[in-house]
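# Architecture and fold: a report
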Amino acid sequence: MYYHSIKKAFLIPVLLIIPFLCNAQEDDLLQELDNLNQNETTYELPAFKALQIGNLQSTKVVDKGDLYLVVAHRFGYLKEGIKEFFGLDQANTKIQLLYGLLPNLQIGVSRDSYEKTYSGTAKYKLYRQSDKIPVNVSLYGSVDINTVLKKSTYPGLKTFDPFSYTTQILVSRRFSEKLSLELAPIFVRHNLQDLNFTQTQTHNQILLGLGGRYKISKRLSINADYAYNFSKDSNSSYKNPFTVGVDIETGGHVFQLLFTNARASSDASFLTETLGDWSKNEISFGFNIVRVF
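Residues numbered from 1 in each chain as written. Predicted model: local features only at pLDDT ≥ 70, side-chain atom pairs only at ≥ 80, totals over all residues. Heavy atoms only, no water.

### Side note on the overall build of the protein chain
A count of helices and strands for the protein chain gives three helices and twelve strands. Across the protein chain, the fraction of contacts at a sequence separation of at least 24, relative to all contacts at a separation of at least 6, is 57%. (Helix = DSSP H or I, 4+ residues; strand = E, 2+ residues; numbered from the N terminus. Contact = heavy atoms within 4.5 Å.)

### As for a nonpolar patch on the surface
A cluster of nonpolar side chains, Leu-67, Leu-97, Tyr-99, Leu-101, Leu-102, Ile-107, Val-109 and Phe-293, forms an exposed patch at the surface whose accessible area comes to about 690 Å². Of the residues forming the nonpolar patch, the biggest block, four residues, is contributed by strand β2 (residues 91–102). In this structure, Val-109 sits in strand β3 (residues 105–112). (Patch = residues over 30% accessible without salt bridge, like charges linked within 9 Å, V, L, I, M, F, W, Y side chains within 5 Å. Areas by Shrake-Rupley, 256 points an atom, 1.4 Å probe, with all protein chains shown as cover. Salt bridge = Lys/Arg side-chain N within 4 Å of Asp/Glu carboxyl O.)

### With respect to the confidence of the model for the protein chain
Model confidence for the protein chain is summarised by a mean pLDDT of 87, while 86% of its residues fall at 70 or above. The secondary structure element of the protein chain with the lowest average pLDDT is helix α1 (residues 2–39), at 52, and the one with the highest is strand β7 (residues 179–190), at 98. Here residues 1–7 scores under 50 on pLDDT; set against residues more than four positions off or in separate chains, the count is zero contacts. Segment residues 9–17: pLDDT under 50, and zero contacts once partners within four positions in sequence are set aside and those in other chains are kept. (pLDDT = per-residue confidence, 0-100.)

### A short note on the layout of surface pockets
The space that makes up the largest pocket amounts to roughly 530 Å³. If you trace the largest pocket, you find 28 residues lining it, with Glu-115, Asn-146, Leu-149, Leu-192 and Glu-273 closest to the centre. Listing elements by their share of the lining of the largest pocket, those giving two or more residues are β5 (136–146), β6 (163–174), α2 (195–198) and α3 (267–272). Reported here for the second largest pocket is a volume of approximately 380 Å³. Surrounding the second largest pocket, 21 residues form its lining, Val-61, Asp-63, Asn-104, Lys-125 and Arg-128 being those nearest its centre. Tallying contributions element by element places strand β4 (residues 117–127) first for the lining of the second largest pocket, with three residues. (1 Å grid on protein atoms, 1.4 Å probe; cavity = no way out; pocket = protein on both sides within 12 Å on 5 of 7 lines; lining within 4 Å. Points joined across faces, edges and corners; volume = space filled by probe spheres on them.)

### Focus on the environment of Phe-270
Mapped onto the elements, Phe-270 comes out in helix α3. For the pair formed by Phe-270 and Ala-227, sequence separation is 43 residues and the distance between their alpha carbons is 9.7 Å. Setting aside residues no more than four positions away along its own chain, Phe-270 makes contact with Asn-55, Leu-56, Pro-241, Ala-262, Ala-264 and Ser-265.

### So, the nonpolar core
Among the nonpolar cores identified, the biggest contains 17 residues, and Leu-56, Ala-184, Ile-186, Val-188, Leu-207, Phe-270 and Leu-271 are the most heavily contacted of them. The set of elements that each furnish at least two residues to this core consists of β7 and α3. Excluding anything up to four places from it in sequence, Ile-186 contacts Leu-56, Thr-166, Thr-167, Gln-168, Gln-205, Ile-206, Leu-207, Gly-209 and Leu-271. In this structure, Val-62, Tyr-68, Val-70 and Leu-98 belong to the second largest nonpolar core, which totals five residues. (Core = buried A, V, L, I, M, F, W, Y, C linked by side-chain atoms within 4.5 Å. Buried < 20%, exposed > 50% of the residue type's maximum accessible area, 1.4 Å probe, protein only.)

### Thoughts on the sheet that holds β5
Pairing in this closed barrel of twelve strands is antiparallel, and the strands run β1-β2-β3-β4-β5-β6-β7-β8-β9-β10-β11-β12 around the ring. Strand after strand, the sheet turns through a mean of 20 degrees between neighbouring axes, direction not considered. Sheet topology note: the strand β10 (residues 242–250)/strand β11 (residues 253–260) ladder contains eight bridges and is antiparallel. The residue bridging Thr-250 from the neighbouring strand is His-253, located in β11. (Pairing = 2+ DSSP bridges. Axes fitted to C-alpha atoms, helices over the stretch in contact; angles between N-to-C directions.)

### Some remarks on the pattern of salt bridges
Pairs may arise between side chains of opposite charge once their charged atoms sit close together. The tally for this structure, following the rule as stated, stands at four salt bridges. Taking the shortest distance from any N to any O, the salt bridge between Arg-174 and Glu-44 comes out at 3.0 Å. Here Glu-44 lies in the loop between α1 and β1 (67–77) and Arg-174 lies in strand β6, a separation of 130 residues in the sequence. Residue Lys-79 pairs with Glu-282 through a salt bridge whose shortest N-O separation is 3.4 Å. One end of the pair, Lys-79, is in the loop between β1 and β2; the other, Glu-282, is in the loop between α3 and β12 (284–292), and 203 residues separate them in sequence. With a relative accessible area of 43%, Lys-79 lands in the partly exposed category. Connected through salt bridges with shared partners, the residues Lys-49, Arg-213 and Glu-249 form a single ionic network.

Spelled out as structure tokens, the structure:
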């Protein structure tokens, strides 16, 4: 009887303590889960749905393993009227392949009928907008080769004279469900220039690109981009490129309709060799078609 009394006396406090221990462990576990949730990064949705705002590159990067086919058309000036079918009789076409080589890294090759230009490109997403980082940041570079320039036509032409290089830092932010904006410092290097157009030698040029997207419905947005050239001579024939257009989302893909004063699609050409003047109605219609494989 004495043994059983001791046993009961021991068990009763233990049974009373166990619920408190369980509750304490549960509280500790919930606290640990809360701490883990607080440490997790919450990412914002992409600022732009397409790889380009219009002509200007966006911060979006092709996903690893995806292959994109991009077909870009830029037609003649609308002001040429019905005789040239409002510019549709004249078309510059760029065909481009883009591949997601690594997470956050895409590479690409293209051919633009403007100056029969071949290009190689790369884009790397450095940062993604989140609750810890307020912006998206991507780095972009391209090399363009103007194959219209040939040594048979220009005997003094050197091997790398037809080459142009572009480097861009793309910084964007999704401010709301509808509005996204981008800022892009740009450097362009032309190894060879036509002084009849540039007036002075400006092989190295600094530009600032601005772009934005405003969503007006579930599948439709209005886009615009502009690049100001700080290095351009005041008497240069070239203009700063300005593009407005709409994005139409169709089954996960984006179809872009554009109006622009730039007839080239390759980076160095549209950024620094645009001849169209919006004030003179020198505006071209164009579009970008993207297919993902």
